Amino acid sequence: MSFSHAMGFRAGSPAQPQELDPMLLWPAVALLLFGLVMVYSASIATAEGSRFTGHQPAYFLIRHSVFLVIGLIAAVVVFQVPLRVWQQGAPWLFLLGVALLVLVLVPFIGREVNGARRWLPLGLVNLQPSELMKLFAVLYAADYTVRKLADMGSFRRGFVPMALVMALVGGLLLREPDFGAFVVIICIAMGILFLGGINARLFTLLFLFLALAFVVLIWTSPYRRERIFGFMDPWSDAFGKGYQLSHALIAFGRGEWFGVGLGGSIEKLFYLPEAHTDFLLAVIAEELGLVGVLAVIVLFGLLVQRAFAIGRQALLLERAYGGLVAQGIGIWIGVQAFINMGVNMGLLPTKGLTLPLMSFGGSGILANCVALAILLRVDYENRALMRGAPV
């Protein structure tokens, strides 16, 4: 049997489902569907008790389902776009992302919620530019690295231009403020530069500088400083700055091995804030126990592993842009999932980051679905190239 047949290719039938990597596709589908169920479970009490939702228990389920359908439709469309088109458009998409980040800060245009200005109202829905910026950062950083491969050892030509661009994006994100998105985007850019072959000594110095910058940003902001102190000992002020974390830990404790049963969470009943967004994993832990949490971790692990494997295959086929995009998407999903899980478990300070593919949020679901479609496209073009077909 030929390699192409073993991988599921059929001659003359482009983009058939059997040509997609099942070890990438099915974990992604499982996370999306699992997230849909858990968003409904985590949001029933909140939706039923709020005048804003019309006291409709299925309010967030319906909206999340609509977002998911839109994301999947966008993914199908994006999958048809050749990777070279994304490479050509990467700088323009990045500029679009910067423009949206500026627009969200304009008074009477950006929407402010709980002291943060992160959304652009678009009628029935709100657009969160920082979610789209994560995707644009992957596409741009990969394109930049490919164009600058010969200069990766140079501080002035290889690093400084990217540093200035990321400083601009970081400044805009911190103005919202959205420290979580800032951390993820910096990790994406740094990771892609590292994989692209940036000078090791330069990378080490840059890492130390960023670590120092993070300490300064936290120390000079009373809000972030309080979050750090609350994270270190949430029980010292369990009804104040440690409120979210203490209730998340209670949810984990109640779940034990197998949980209290789907729908049986007590913490989601107005005790745990943002149960269907930032703290969805805590509800999973309470209702499905350690087994449910491990299932989520394994699914994300499979997804990230396949992203890096697809990227490595593209690099072996001398498709540097596709390889860096695939691995950049792996970094994005892996880092954001790790941070969200760490926050829920009390291993990291509280940040406003959702669990990718699972938490409620239209912009996040849309960006995640489009990113997965691009990742599947990289894999599809890898396989097409190996069997000698045009891409």
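See the structure shown above.
All values derive from a computational prediction rather than experimental measurement. (Residues numbered from 1 in each chain as written. Predicted model: local features only at pLDDT ≥ 70, side-chain atom pairs only at ≥ 80, totals over all residues. Heavy atoms only, no water.)

Caption draft 1: Inspection of the environment of Tyr271 at higher detail. Topologically, Tyr271 is positioned in the loop between helix H10 (243–255) and helix H11 (280–316). Using a relative accessible area of 40% as the deciding quantity, one classes Tyr271 as partly exposed. In sequence terms Tyr271 and Gln244 are 27 residues apart; their C-alpha atoms lie 8.5 Å from each other. Sequence-distant contacts of Tyr271, defined by excluding residues within four places in its chain, comprise Tyr243, His247 and Ile266. (Helix = DSSP H or I, 4+ residues; strand = E, 2+ residues; numbered from the N terminus. Buried < 20%, exposed > 50% of the residue type's maximum accessible area, 1.4 Å probe, protein only. Contact = heavy atoms within 4.5 Å.)

Caption draft 2: Seen up close, the pairing of strand E2 (residues 116–122). With three bridges joining them, strand E1 (residues 111–113) and E2 adopt antiparallel strand pairing. Residue pairing across strands places Val113 opposite Ala116, the latter belonging to E2. Between E1 and E2, which follow one another and run antiparallel, lie two residues, and Asn114 among them has a positive phi close to 55°. The pairing of E2 with strand E3 (residues 125–127) spans three bridges and is antiparallel. Each bridged residue has a counterpart across the sheet, and for Pro121 the counterpart in E3 is Asn126. Between E2 and the antiparallel strand that follows it, E3, lie two residues; Gly123 among them carries a positive phi value of about 75°. (Pairing = 2+ DSSP bridges.)

Caption draft 3: Just the pattern of salt bridges, in detail. Inspection of the entire model under this criterion finds 10 salt bridges. One salt bridge connects Glu381 with Arg377, and the closest N-O pair in it is separated by 2.9 Å. Remark: Arg377 and Glu381 occur in helix H13 (residues 362–386); sequence separation between them is four residues, near one turn of the helix. The same class applies to Glu381 and to Arg377, which are both buried. (Salt bridge = Lys/Arg side-chain N within 4 Å of Asp/Glu carboxyl O.)

Caption draft 4: Structural detail: the packing of aromatic side chains. A complete count under the given rule lists seven aromatic pairs for this structure. Between Tyr140 and Tyr144 the ring centres are 6.3 Å apart and the planes differ by 35°, which places this aromatic pair in the tilted class. With Tyr140 and Tyr144 both in helix H5 (residues 129–147) and four residues apart, the pair spans about one turn of that helix. The burial state of Tyr140 is the same as that of Tyr144; both residues are buried. An aromatic cluster is defined as three or more aromatic residues linked by ring pairs; in this entry it consists of Tyr59, Phe60, Phe67 and Phe360. (Phe/Tyr/Trp six-rings, centres within 6.5 Å; stacked < 30°, edge-to-face > 60°.)

These figures capture arrangement, not role.
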